[in-house]
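Summary of the model geometry
Okay, here's what each chain looks like letter by letter:
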Amino acid sequence: MKVLAIDDQQLVLLPLQKRLTELGYQVKIETDGQKGLDSYDSFNPDLVIVDINMPGLSGLEIVKYIRIAKKSETPIMVLSGDNKDETITEGFDLGINDYMKKPLSLNEISARVKRLIGAPVVENTVAASNVMIQDRCVGVVIPCYNEEERLLSDEFLSYIDKYTGYHLCFVNDGSKDKTLEVLNNLQKGREDFITVYDCEKNGGKAEAVRLGMLHMAEKEDLDYIGFLDADLSTDLADFDDLVKTIETSDFKIVSGSRISRMGADITKESARKIISLTINFIIRKILRMDFKDTQCGAKIFSKDVIQIAFGKKFVTQWIFDVEIFKRMSIHFGLKKAKSMLCEQPLKRWIHADGSKLSMKDSVKIIFQLAQIAWVYRGKKKPAIAKTTKLEVV
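Structural notes, computed from the coordinates. (Residues numbered from 1 in each chain as written. Predicted model: local features only at pLDDT ≥ 70, side-chain atom pairs only at ≥ 80, totals over all residues. Heavy atoms only, no water.)

**Quick notes on the pattern of salt bridges**
Inspection of every chain in the model, using the stated rule, returns 19 salt bridges. Salt-bridge contacts for K70 lead to D41; the nearest nitrogen and oxygen are separated by 3.5 Å. Taken as a pair, K70 in the loop between α3 (59-69) and β4 (76-80) and D41 in helix α2 (residues 33-43) lie far apart in primary sequence, 29 residues in all. Judged by relative accessible area, which is 41%, K70 ranks as partly exposed. Relative accessible area serves as the criterion here: at 33%, D41 is assigned to the partly exposed category. A salt bridge links R115 to D98, with the nearest nitrogen and oxygen atoms 3.2 Å apart. (Salt bridge = Lys/Arg side-chain N within 4 Å of Asp/Glu carboxyl O. Helix = DSSP H or I, 4+ residues; strand = E, 2+ residues; numbered from the N terminus. Buried < 20%, exposed > 50% of the residue type's maximum accessible area, 1.4 Å probe, protein only.)

So this is what it looks like as structure tokens:
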């Protein structure tokens, strides 16, 4: 039994292909609508699964081709994040057999496929899956410098195996230990979900994150891109909460915040906390924003502001987060920038042992803040920004 799946996001197609193949189906996937039509003609599938919103040829146009141009009764299932009544109605009017709304479990998709075309005979029993097909695809940049001993490989792997739609980009920042070897081993067999970006020379966290973000921005199937610390001080589940916020709002940046609150598991040494509060006071004065915590290493960005935030090299090595928010306020204006930024408290955050940032380094940050204030002084929003598409969002 042949299944053709067409979706512009490969991170959606790959787990679907794997699951249906395990169940005994012969599966072909396409990330381009026109190539999907070509595959339909040559592959002669028993079932077509198609997304609606795709660049170029849309899912509904593919349905029209099969039903009207080819006059075919091949069963068609739509798997889409488009929940509009008019879209669903049009799909059924054109002759689709089923409409599945993302997010959706692979178990349910498999059951619907079986209902439409039956199930192949397989020798071994296939266990149920706990994987969900998501409505969005997310890139996550993880800067790594001498993380051979601290990198929690199993946690990263188990997460991307369970939660589809994530592509991890580990940036090796010129590590002197075996970090690159660890990362390459981590990537083996999961090249479609893990990228290793190797910087031969150590350029600091700011540059590692910047290069990783720009590299991931080149991937067309990603909707959002963020960064996360390699020691997982921020829990992966917490990071997913940041993603849920940005995909259900008009925010362009959602930043994690280590604000102590009841029920949260947040720990930090007292001395570091005092210094952090002092630094934060200065940051708020520079940004003219009431940010409680700009320096949390967990942030998610809408793809359309990546170039604004990361296009140019940062002035400082550690507090580049402040520069990101400063660049946003310069580009969009302070009032507009404030409406595009969201600070979301984390449920869990732990200052991990072995952090590269010492007490002495914390004091240096104050001088780096002065540097930021000087470099960005008097800069105003470029006149061209008034006519950009982002400005009127």
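**Points about unusual backbone geometry**
Along the chain, K102 connects to P103 via a cis peptide bond; the corresponding omega equals -5°. Its place among the elements puts P103 in the loop between β5 (98-101) and β6 (104-105). Of note, N146 is a non-glycine position whose phi angle comes to about 50°, a positive value. Relative to the assigned elements, N146 resides in the loop between β8 (138-144) and α6 (153-162).

**Concerning the packing of aromatic side chains**
Applying the stated criterion to the full structure yields eight aromatic pairs. An aromatic cluster is defined as three or more aromatic residues linked by ring pairs; in this entry it consists of F227, F301, F310, F314 and F320. Residue placement shows K2 over the ring face of F43; its charged tip is 5.3 Å from the ring centre. (Phe/Tyr/Trp six-rings, centres within 6.5 Å; stacked < 30°, edge-to-face > 60°. Lys NZ or Arg CZ within 6 Å of the ring centre and 35° of its normal.)

**Examining the pairing of strand β1 (residues 2-6)**
Among the five residues in β1, four count as buried, and that is most of the element. Here β1 runs beside strand β2 (residues 26-30); their pairing, made up of five bridges, is parallel. Directly across from V3, in β2, lies its bridge partner V27. Read from β1 through helix α1 (residues 10-22) to β2, the crossover connection turns out right-handed. The pairing of β1 with strand β3 (residues 47-50) spans four bridges and is classified as parallel. Across the sheet, the residue bridging to V3 is L47, located in β3. (Pairing = 2+ DSSP bridges. Right-handed = clockwise from strand over helix to strand, strands pointing away.)

**Notes on the environment of S153**
Position of S153 among the secondary structure elements: in helix α6. Beyond its immediate chain neighbours, meaning those up to four positions away, S153 contacts V182 and L186. (Contact = heavy atoms within 4.5 Å.)

**Description of the environment of L152**
Tracing the chain through its elements places L152 in the loop between β8 and α6. L152 sits 80 residues away from L232 along the chain, and the two C-alpha atoms are 7.7 Å apart.

**Looking at helix α9 (residues 236-247)**
A rise of 1.5 Å per residue sets the reference length of α9, with its twelve residues, at 16 Å; its end C-alpha atoms lie 17 Å apart and thus fit the reference within 8%. For α9, a buried count of nine out of twelve residues is recorded, marking the element as mostly surrounded by other parts of the structure. (Expected span 1.5 Å × (residues − 1).)

**Looking at α1**
The terminal C-alpha atoms of α1, which comprises 13 residues, lie 18 Å apart, in line with the 18 Å expected from a rise of 1.5 Å per residue. By the burial criterion, the buried members of α1 are L11, V12, L13, L14, P15, L16, R19 and L20. Where α1 ends, the next residue or the one after it, G24, has phi of about 105°, a positive value.

**Quick word on the sheet that holds strand β15 (residues 341-345)**
In spatial order, the strands read β10-β9-β8-β11-β14-β12-β15; together these seven strands make up an open sheet with mixed pairing. Looking along the sheet, the strands with just one partner apiece sit at the ends: β10 (194-199) and β15. Strand-to-strand twist of the sheet, defined as the mean angle between neighbouring strand axes without regard to direction, takes the value 20°. In this structure, strand β12 (residues 253-257) lies alongside β15, joined through five bridges in parallel fashion. Within β15, the position partnered with S257 by the bridge is P345. Sheet strands touched by α6: β8, β9 (166-173) and β10. Its angle to β9, the strand with the most contacts, is close to 155°. Seen against the sheet, helix α8 (residues 205-217) touches β8, β9, β10, β11 (224-228) and β14 (298-302) and runs at an angle of roughly 155° to β8. (Axes fitted to C-alpha atoms, helices over the stretch in contact; angles between N-to-C directions.)

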